[in-house]
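Residue-level structural notes
Here's the letter readout for the chains.
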Amino acid sequence: MRPITNTIDPASALFATNAAAYRSDLDRLREAMQFAIDGGNHPSRAGRQRSIDRHHGRGKVMTRDRIDMVIDEGSPFLELSTLAGYGQADDEFPGAGIVTGIGIVHGVPWMFIANDATVKGGSLFPAGIKKHVRAQDIARENDLGCIYLVDSGGAFLPMQDEVFPDQDHFGGTFYRQAQMSAAGLPQLSVVLGGCTAGGAYVPALSDEVIMVEGIGRIFLGGPPIVKAALGEVVDPDDLGGAALHTRESGVSDYMVQTEAEAYGLLREICANTNRRSIADRQDWYDWIEPEAPAHPAEEILGIINDDTRIPYDARQIIARLVDGSRFSEFKPEWGNSIVVGFTRIWGHLVGVIANNGIIFSEDALKATHFIELCNQRSVPLLFLQNTTGYMVGRDSEIGGIAKNGAKMVTAVANARVPKFTVLIGGSYGAGNYGMCGRGFDPRFLFAWPNSRIATMAADTAETVLTDIRLGGMRGAETTNEEIAEIRSSIRAQYEEQSDPYYATSRLWDDGLISPLDTRDALGLCLSLAARQDAPVAGDRIVYRM
Ligand code: COA
């Protein structure tokens, strides 16, 4: 692999302008993250503090601190979709009321799914359910056992039609739990609060359950429901406390007095699950000692243009993410708006496909050829998306852009190697699909805070949709003011909906991350793939495109 030639001058005025703009993007990201991390279900600061104080008043630990008490000291925790639900439902669900992510226990990676009881009693609204389901799907695909830190009132009842009945709603979480357990992926629960109805089935479906006396309760219907249905007035601990479930019903296997004791016991249980460690690479996988990039990731902030219409060279981004900033570029003289080649991240061999703008026919064919090479050689694929989509126009159509783009899409869809995607800029139109967007099942999809995702950019949408609307109003008189109003409302809609916070709130990605954290996040994701068995055998044909 050869070093990538550096073309960036950190002393230039453009670099300084870009970096300053990106730093304010990162400030916004930190602020939004803090809002989610603080918890509490009321939009007002004082209201939020009340639910947090009540949680502490019961002697309960905050959700992320709970996870910290379980994972190995000093080990990383890759939190997923921290901003799920952001800006939705009057912001009453910071973090969608649930924390998910991958943490290490005795060297083994686990998926953590932990309710935040300071947010609507840990009940789940639509983004919360989606986050729960997504975490389970990631666990299954990456061969991870699940640790549930349960403190949940189940479905958020005012929105029951959006969280209860459909395929990937609450029932889907139980289905996944049962299936994963049967597939040999341990499902472990610690009960840390009033777990009612849906919240009760999570421990009930687990392989091993710990309950903390005094705070942990499991019941299909809580005291208010029992009173309404049977007229019985019953104390919560008599109805579903730790002693009842550990000594009488057998719903729980262990009873402890404190959260600290629970996490010590949980670690002991994890030690007996006979799982592969994070460093246990399987024999299909090529790995060497990692090396830091030769150029600092910090410089990415100055490379990405503040004006999103001005492109930047993807090679310069690659140079700041990969080992030794070295890259074996494939077909460097052909198909200039896509950059493909082999490199290493934290020692893992990986094939990178990155955009340098619009995708033309030859770019699509080059990417297809490269995907086939990675597939043939069992090399994981990393897509770095920054594209306005496939080229349009008569010349392009004559050149067969539709079929060439389809070849790329087909190759991505059928690649048997692990795929990872980062949105480092624009993700527009079918470019999103060809570059392994959410619909193409990358194992993880992260987005940078400068990214934009939509069918087309707001500028283009403004023109296209205004023309369509005016065409539909044939014959009707339209004043210039009305046309201007149509234009600006379309623009506003596209700007709002292509914003990365809008996207991450709806779990179109697995989280907004800073360019500075991206190499580490990818390193962990690649380690997970490396400890699994070889990708399923399949077609290894390489067609010259
Ligand atoms: N749906 C909607 N809101 C819920 C909820 C649910 N399932 N569970 C809790 N909440 C809300 C409460 O209304 C309250 O909101 P507020 O702060 O805006 O007033 C907040 O969460 C905290 O609930 P609270 O009952 O005060 O907290 P708690 O810690 O004393 O009790 C539970 C927590 C979960 C044990 C209790 O709220 C409960 O039993 N909820 C009903 C659970 C249920 O019947 N679920 C059926 C789901 S299928």
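Look above for the structure.
First things first, this report covers the structure right here in the doc. Small disclaimer: the values here were computed from a predicted structure and weren't measured. (Residues numbered from 1 in each chain as written. Predicted model: local features only at pLDDT ≥ 70, side-chain atom pairs only at ≥ 80, totals over all residues. Heavy atoms only, no water.)

Moving on: the overall build of the protein chain. Along the backbone of the protein chain there are 21 helices and 17 strands. Computed over C-alpha atoms, the radius of gyration of the protein chain comes to 25 Å, within 12% of the 24 Å expected from 2.2 N^0.38 for 545 residues, which places it in the range of a compact globule. For the C-alpha atoms alone, the extent of the protein chain along its principal axes is close to 75 × 70 × 45 Å. Expressed as a percentage of contacts within the protein chain between residues at least 6 apart in sequence, the contacts between residues at least 24 apart total 75%. When the accessible surface of the protein chain is summed, it comes to about 23000 Å², and 52% of that surface belongs to carbon and sulfur atoms. Here the protein chain contributes 50 positively and 70 negatively charged side chains, and the mean placements of these two sets differ by 4 Å. (Helix = DSSP H or I, 4+ residues; strand = E, 2+ residues; numbered from the N terminus. Rg over C-alpha atoms; globule rule 2.2 N^0.38 Å. Contact = heavy atoms within 4.5 Å. Areas by Shrake-Rupley, 256 points an atom, 1.4 Å probe, with all protein chains shown as cover. Lys, Arg positive; Asp, Glu negative; His and termini not counted. Charge placed at Lys NZ, Arg CZ, Asp CG, Glu CD.)

The next point concerns the site of the ligand. Residues in close proximity to the ligand total 16 residues, the closest being Arg58, Lys120, Gly153, Ala155 and Leu157. Taking Asn41, its side chain carries an N or O atom lying 3.4 Å from an oxygen atom of the ligand. Starting from 850 Å² of accessible surface for the ligand in isolation, the protein chains cover 64%. Residues that form the shell around the ligand fall into these classes: 6 nonpolar, 7 polar and 3 charged. (Near = heavy atom within 4 Å. Polar contact = N/O pair within 3.5 Å; in protein donor to acceptor, adjacent residues only side chain to side chain. Nonpolar A, V, L, I, M, F, W, Y, C, P; charged D, E, K, R; others polar.)

This part is about the pattern of salt bridges. Scanning the model with the defined rule gives 27 salt bridges in all. A salt bridge links Arg66 to Glu259, with the shortest nitrogen-to-oxygen separation between them at 2.9 Å. Of this pair, Arg66 sits in helix H3 (residues 63-70) while Glu259 sits in helix H11 (residues 259-271), and the two are 193 residues apart along the sequence. Taking the relative accessible area as the measure of exposure, Arg66 reaches 1% and is therefore buried. Among the residues examined, Glu259 registers a relative accessible area of 5% and is labelled buried. The salt bridge partner of Asp533 is Arg276, with a shortest N-O separation of 2.9 Å. Note that Asp533 is positioned in the segment after helix H21 (515-530) and Arg276 in the loop between H11 and helix H12 (300-303), a separation of 257 residues in sequence. The exposure class of Arg276 is partly exposed, given its relative accessible area of 26%. A network of salt bridges, in which partner residues are shared, links Asp459, Glu462, Arg487, Arg491 and Glu495. (Salt bridge = Lys/Arg side-chain N within 4 Å of Asp/Glu carboxyl O. Buried < 20%, exposed > 50% of the residue type's maximum accessible area, 1.4 Å probe, protein only.)

With that out of the way, let us pick up the packing of H3 against H11. One way to put it is that H3 packs onto H11 with a least axis distance of 9 Å and a crossing angle of 45 degrees. As far as their axial angle goes, H11 and H3 are oblique. In this structure, the crossing between H3 and H11 has a hand that is right-handed. Every residue of H11 that contacts H3 at Arg66, Met69 and Val70 is listed here: Glu259, Ala260, Tyr263, Leu266 and Arg267. Looking at the contact of H3 with H11, its residues break down into 5 nonpolar, no polar and 3 charged. (Axes fitted to C-alpha atoms, helices over the stretch in contact; angles between N-to-C directions. Parallel < 35°, antiparallel > 145°, perpendicular 65-115°, else oblique. Left-handed = near helix turned anticlockwise from the far one by under 90°.)

Its location among the elements puts Gly39 in the loop between helix H1 (13-38) and helix H2 (45-57). A relative accessible area of 0% means that Gly39 is categorised as buried. For the pair Gly39 and Ala262, spaced 223 residues apart in sequence, the C-alpha separation works out to 23 Å. Each residue touching Gly39, except ones within four places of it in the same chain, is listed here: Arg48, Ile52, Pro94, Asp116, Thr118 and Val119.

What follows is about the sheet that holds strand E8 (residues 208-212). The strand order across the open sheet built from 7 strands is E2-E3-E4-E5-E6-E8-E10, with neighbouring strands paired in mixed fashion. Taken across any chain shown, the strands that pair with only one partner, and hence form the sheet edges, are strand E2 (77-80) and strand E10 (254-256). Strand after strand, the sheet turns through a mean of 20 degrees between neighbouring axes, direction not considered. Sheet topology places strand E3 (residues 98-105) next to strand E4 (residues 108-115); 8 bridges connect them, and they run antiparallel. (Pairing = 2+ DSSP bridges.)

One pass over the structure, following the stated rule, counts 14 aromatic pairs. Plain terms: the ring middles of Phe420 and Phe444 are 6.5 Å apart, the flat faces sit at 10 degrees to each other, and that makes the pair stacked. Here the residue Phe420 occupies a position in strand E15 (residues 419-428), and Phe444 occupies one in strand E16 (residues 444-447), the gap between them amounting to 24 residues. Across the pair, exposure class does not vary: Phe420 and Phe444 are buried alike. Residues Tyr433 and Phe440 carry aromatic rings whose centres are separated by 6.0 Å and whose planes lie at 35 degrees to one another, so their mutual orientation is tilted. Looking at Tyr433, the relative accessible area reads 45%, which means it is partly exposed. Geometry around Phe35 places Arg48 over its ring, the cationic atom sitting 4.1 Å from the centre. Above the ring of Tyr502, the side-chain terminus of Arg506 is found at 3.6 Å from the ring centroid. (Phe/Tyr/Trp six-rings, centres within 6.5 Å; stacked < 30°, edge-to-face > 60°. Lys NZ or Arg CZ within 6 Å of the ring centre and 35° of its normal.)

So, on to unusual backbone geometry. A positive phi angle, close to 45 degrees, is found at Ala89, a residue other than glycine. By the secondary structure assignment, Ala89 is in the loop between E2 and E3. With a phi angle near 55 degrees, Asp91 is a residue other than glycine that sits in the positive phi range. Along the chain, Asp91 falls in the loop between E2 and E3.

What follows concerns H2. Its 13 residues place the ends of H2 18 Å apart at the C-alpha level, agreeing with the 18 Å of an ideal helix rising 1.5 Å per residue. All of the buried residues along H2 are Gly47, Arg48, Ser51, Ile52 and His55. Along the long axis of H2, the arc covered by the buried residues comes to 135 degrees, so they all point the same way. Exposed side of H2, more than 90 degrees from the buried face: Arg45, Ala46, Arg50, Arg54 and Gly57 are the residues found there. Among the structural elements, H1 and H3 are those in contact with the buried residues of H2. In the segment just after H2, Gly59 is the residue with positive phi, at about 75 degrees. (Expected span 1.5 Å × (residues − 1). Arc of directions from axis to C-beta.)

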